[in-house]
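# Structural characterization, general
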Amino acid sequence: MKKKVLSLILATAMVGTMFVGCGGSDSGSDNKDSGSDGKETEESGDAGEIKVASVNNDAMVIMEELSKKYTEETGTKVTFTILSENEIRSKITQDVGLGGGEYDLVTLGTSDMGTYLDNGWTEALDPMFDALSDEEKSEYDLDDVFQSVRTSCSSETKGLAALPFYSESTMICYNKEIFESKNLTMPENPTWEDIYDLASQCDDKANGVAGIAIRGLAGYGENMYIFGSIMNAFGGQYYDMDWNATYDTPEVKEAWEFYKKLLTVAEDSPTTCGYTECLNLFAQGKAAIYYDATVSAGTFAKDDSDVKGKVGYAPAPTAKKENTGTIGGWGIAITAGSKNKDAAFDFLRWATSKEYVKLVQEEKGFPSTPSGTRVSTYENQEYLDACDFAATTKIAIETADAIHPAIEDTPYTGNSLPNLPEYSSWGETLAAELASYVSGQKDLDACIADCQSAIDTAAEDGGYRD
Amino acid sequence: MNKANTKKKDHSTRVLLPAVIFVAAVTQIPFVVTIIFSFLKWNVKRPDLGIKFNGIKNFVDVLTAKNFYIVLKNTLIIIVVCLVLCTVLAILLGVLFNRKFPGGYFFRTLLVMPYFVMDSVVGIVWKTLLLNPSMGLNYYISKFFGFQPIDFFGKHSLATVVILIIWQWTPFFFLIIMAGLQNIPDDVIESAKIDGANGFRRLVSIDIPIIKKHIITAMTLGLINILKVFGLVYVTTQGGPGVSSANLPYLTYRTVFYDWSVGRAAAIAVVTVAITLFITQKFFKATNKDEE
Amino acid sequence: MKKAKIKYALLCLLAVVVALVWVFPIFYMIISSFKAEADVVVPGFIFSPTLENYQTVLSDTFFQYLGNSVMITIGTVIVTVLLAVPAAYALVFTPLKDPNNVYFWFVSTTFLPAIAVIIPVYLIFQRIGLVDNPLALIILYCGAGVPLMIWLVTNFFKEVPMEIVEAAQLDGCNRWQAFWQIMIPLVRNGIFSAALLVFIITWNEFFFAVTITYTESATLPVYMSKYMTQQGYFWGKMCATGTLICIIPIILGFFTQKALVKGLTSGSVKG
């Protein structure tokens, strides 16, 4: 018994010290800084090392490869941890949120960038830009980054939180070959009902062609990324200006019903298909229409794609609301715990610069161009000629509005993914409910009621109404 | 258990102690911390709200959530169905492979392979290359025979998870049961033959009682590991659609890495461990009684 | 007699078929790893094999991760054996107050799911500065390995006939001489089997590995995660990585299966 009590006390003491560390994370990281000073001066000979935590998409894999050139130029070593989306999100949140401070640069999705800066987990970039010399400023040319993208990479109160390494909105891609064989045409500005009609006419799954490839896999960044923009189009929103959940409105229900209807003309087993699956389906000519991120168009234009040269494009479909394109993509932020902020900022600017865009085009070809970040990329006639999707991508990015996702005003910003720290939690609940509804395991009213209560509880627990 | 009653005292605890201290430090301290966390309100993503004492509210929240009971039910279904089917299959396979033929060792080893490979690797292979209804083998086979591809991970998610667990764990059961079968003395088999017992009767009345200890060992190790299955669920269904194929470890994972609600996740973890202890204790009791 | 022979042959054939069907997913993964990305999706065994996937996957990073995996796994197995075998011996052969309780305590620690302690484990290792250190993984894996090993090896020791123990004492061996010279050879197979199980569990462990490593000490399953992706299509590379990760346990399994079965049997030899 004595032993037990002792171990309990010991454990409590340990936990206690942990809290001290967590609560005063600011002072904690200060200590770390001063503690590592000696080390830094020792290492200053070889300009140090930057650690990057990154999601594994094409753009980042290319960056890892090309970072060797940066190392040659500057002598700074750049090491990458590349993990798939789920793991990297967990890992980054864990590292910055629990005070690990191992990474200098982290890739963040659009819905996280603002909140991470607000939490004090990443560095505000505006002061860092201000500190640059005029020459460096004009070399980087921050104004060249799309205004809508800069907005979505910012915190409402603390300014720019991350720099985009590629950015995307959503648009329609369709297989022109299939459309021609069925004598169909895509309207210039399709509505969701148009898309459903077209998809149902193309749907021929018995012969391996689905009407539309669209995400149904549950996940706050999977089906919710697509469904969020459908819901916005139908006029739904998550909260009113007083943070009351507004998920049980007829608009939201209509969007749910439409989504389920649309999935009947989509791929088989839609609740198992996420971004990759849908991308593969369309790239292999197994779907007539595709609604997803603009960045996919680059994949379809590559040599190993079966639909190369056969893809037509249209902006994000509408219903009650126009401009339902939804800014997504990834940005890179500097962690607050980084011991090497200047070097990290230098690499960050290099990796999102005009020169870097050019470098990728030279080394990897035009379809791999980091898309959707810089106006100047779209002023390059060679790129526009090589990639027929570039023009539609540009419109999709420019028109997306991260400040006004819904018809009515919202207390949150962001497009299909609202920029709220709790979103990963209740978004996941909504995603699961949506999948249950689509797969026929639960009826609409029950799902909507559970979603409404999850959203409402989150506002209550998060103290938003105080 | 203790064979040393007659022996002189020595410093045997000195040998035991390092292991005890080590295991206690590595497994018990974190768990004690988990128990403490389960009484806190702590959302990692909202550092501005701080970490507060939450009483037993986490436990109340967990035990009143509808989803928890669905997940609990899934966990129990997985454990019961998998344990029974793995054992039965492993015994049948054991009997089938307990004979000498050219290449027998080779094929027996093939059968054991699924246990040796990483669960998330095979999970991904099953999900994408094999069972995907639009691109996997599932599609091509269904097309060949002219029927609709089966929606394994959508409509039959729990059953599919169960099948995958059985596929991976039966080889482990098989390995242990095989060891038992090979160990049955020849004279027992001979005398059974003389008695004229046919295959099935011989299995039930002679073989199984002899290898009972092996069966229990296999089931115990299987029980503990199948209760903890996470990788397969994580890479194939992610617990979905909805929570239809989630088990308790997966629910804990979601609460940590999506909700970032450390307190509630800790509460689920504590409840999970309590349930695990309860089940295994019942199991131990049942098997011990059997043994006596 | 002839009928019996045919029946026997048919049963052997059935065994072969079952084994082939059972292992098919792994076989299919290995086959697919030699297909070009564009061919992976289409089933079929006629294709022009390519090493393209392996060339991509076998980067410097891969070998760094492989090195970590080998070091951590071997380290874990060694430490586990050193801690667990003497403890199991002490549990069976030396006078303790209540060995059963200690034994069941060990067994019960294996019930703990990794996810239940993940945040505390991360925080503790962060406090003591062991995050991204191979030692951290070795410690954690031993925490799981030692109880498992004690569990199995205790059973093996229990089966050692008492006469042998007594004979050893009559020969004038002290307890530790008996341990080294008589007991260890007797349960060698059992220790080997248990060590192999620990090896496999450690080699394949993903969850702790991804949580408490960054770049320095990450293991192969973490590398695999790069290809378990939501972005882009990498099936061929995924299969190649999968094959590379599985190949060591598979080879090991092939050569040790006999010993493994023997080891598991040795636990039930009645004295």
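Everything numeric here is computed off the predicted structure, so don't read it as measured data.

### Comments concerning a negative patch on the surface
Residue and element names in this part refer to chain A. Judged by side-chain charge, Glu135, Glu136, Glu139 and Glu355 come together as a negatively charged surface patch. Residue contributions to the negative patch peak at three residues, all from helix 7 (residues 134-140). Here Glu139 is to be found in helix 7.

### A look at the confidence of the model for chain B
Residues and elements named next belong to chain B. Of all residues in chain B, 94% attain a pLDDT of 70 or more, and the chain-wide mean is 87. Highest mean pLDDT in chain B belongs to helix 3 (residues 66-97) (94); lowest belongs to helix 9 (residues 186-195) (73). When the criterion is pLDDT under 50, residues 1-9 qualifies, and its contacts beyond four places in sequence or with other chains add up to 29 contacts.

### As for the state of the cysteines
Under the defined criterion, the tally for this structure stands at zero disulfides over all chains. With no disulfide of its own, Cys82 of chain B lies 5.6 Å from the sulfur of Cys86 of chain B, the closest cysteine sulfur.

### Focus on the interface of chain B and chain C
With 93 residues of chain B at the interface, the matching set in chain C holds 102 residues. When the two sides are added together, the surface that chain B and chain C hide from each other amounts to roughly 8700 Å², 80% of it contributed by carbon and sulfur. Where chain B touches chain C, the interface holds zero salt bridges. At the junction of chain B and chain C, the tally comes to six residue pairs in polar contact (both at pLDDT 80 or more). The leading source of residues in the side of chain B that touches chain C is helix 1 (residues 12-37) of chain B, at 19 residues. Looking at the side of chain B that touches chain C residue by residue, the classes come out as 65 nonpolar, 18 polar and 10 charged.

### Points about the side chain of Thr213 of chain C
The topology assignment puts Thr213 of chain C in the loop between helix 9 (207-212) and helix 10 (220-225). According to the relative accessible area criterion, Thr213 of chain C is buried, its value standing at 1%. There is a polar contact of 2.6 Å between the side chain of Thr213 of chain C and the backbone oxygen of Ala209 of chain C. Beyond its immediate sequence surroundings of up to four residues, Thr213 of chain C is in contact with Lys91 of chain A together with Asp132, Leu137, Ala218 and Val222 of chain C.

### Here's the deal with the sheet that holds strand 8 (residues 210-213) of chain A
All names here are of chain A. On the basis of which strands lie adjacent, the open sheet formed by four strands has the order 8-9-7-10 and mixed pairing. The sheet is open, and its two borders are formed by strand 8 and strand 10 (311-315), each paired with just one other strand. For this sheet, the mean inter-axis angle between neighbouring strands, taken without regard to orientation, is 20 degrees. In this fold helix 13 (residues 275-283) packs onto strand 7 (170-175), strand 8, strand 9 (287-293) and strand 10, with an angle of close to 140 degrees to the strand it touches most, strand 9.

### Quick word on the packing of aromatic side chains
Residues and elements named next belong to chain A. For the structure on display, the rule yields 69 aromatic pairs over all chains. Summarising the aromatic geometry, the rings of Phe227 and Tyr259 are spaced 5.2 Å apart at their centres and angled 65 degrees between planes, so their arrangement reads as edge-to-face. Here the residue Phe227 occupies a position in helix 11 (residues 223-233), and Tyr259 occupies one in helix 12 (residues 250-264), the gap between them amounting to 32 residues. By relative accessible area, which is 1% here, Tyr259 ends up buried.

### A short note on the nonpolar core
Counting residues in each nonpolar core, the largest one holds 351 residues, and the members touching the most others are Tyr239, Tyr247, Trp256, Ile289 and Phe347 of chain A together with Phe157 of chain C. With 17 residues, helix 8 (residues 157-182) of chain B is the single largest residue contributor to this core. In this structure, Tyr239 of chain A is in contact with Asn244, Ala245, Thr246, Thr410, Pro411, Tyr412, Leu420, Trp426, Ile455, Ala458 and Ala459 of chain A, ignoring residues within four places of it in sequence.

### Digging into unusual backbone geometry
Leave glycine aside and you will find that most residues have negative phi; peptide bonds, for their part, are mostly trans. Residues and elements named next belong to chain A. The backbone of Trp243 sits at a positive phi, close to 65 degrees, despite the residue not being glycine. By secondary structure assignment, the location of Trp243 is in the loop between helix 11 and helix 12. Despite not being glycine, Ser269 has its phi angle at roughly 50 degrees, a positive value. By secondary structure assignment, the location of Ser269 is in the loop between helix 12 and helix 13.

### So, a positive patch on the surface
On the surface, Lys100 of chain B together with Arg188, Lys258 and Lys262 of chain C cluster together to form a positively charged patch. Structurally, Lys258 of chain C is set in helix 11 (residues 235-266).

Rules used throughout
Residues numbered from 1 in each chain as written. Chains lettered and ligands numbered in written order. Predicted model: local features only at pLDDT ≥ 70, side-chain atom pairs only at ≥ 80, totals over all residues. Heavy atoms only, no water. Patch = residues over 30% accessible without salt bridge, like charges linked within 9 Å, V, L, I, M, F, W, Y side chains within 5 Å. Areas by Shrake-Rupley, 256 points an atom, 1.4 Å probe, with all protein chains shown as cover. Salt bridge = Lys/Arg side-chain N within 4 Å of Asp/Glu carboxyl O. Lys, Arg positive; Asp, Glu negative; His and termini not counted. Charge placed at Lys NZ, Arg CZ, Asp CG, Glu CD. Helix = DSSP H or I, 4+ residues; strand = E, 2+ residues; numbered from the N terminus. pLDDT = per-residue confidence, 0-100. Contact = heavy atoms within 4.5 Å. Disulfide = S-S within 2.5 Å. Buried area = accessible area lost by both parts, 1.4 Å probe. Polar contact = N/O pair within 3.5 Å; in protein donor to acceptor, adjacent residues only side chain to side chain. Nonpolar A, V, L, I, M, F, W, Y, C, P; charged D, E, K, R; others polar. Buried < 20%, exposed > 50% of the residue type's maximum accessible area, 1.4 Å probe, protein only. Pairing = 2+ DSSP bridges. Axes fitted to C-alpha atoms, helices over the stretch in contact; angles between N-to-C directions. Phe/Tyr/Trp six-rings, centres within 6.5 Å; stacked < 30°, edge-to-face > 60°. Core = buried A, V, L, I, M, F, W, Y, C linked by side-chain atoms within 4.5 Å.

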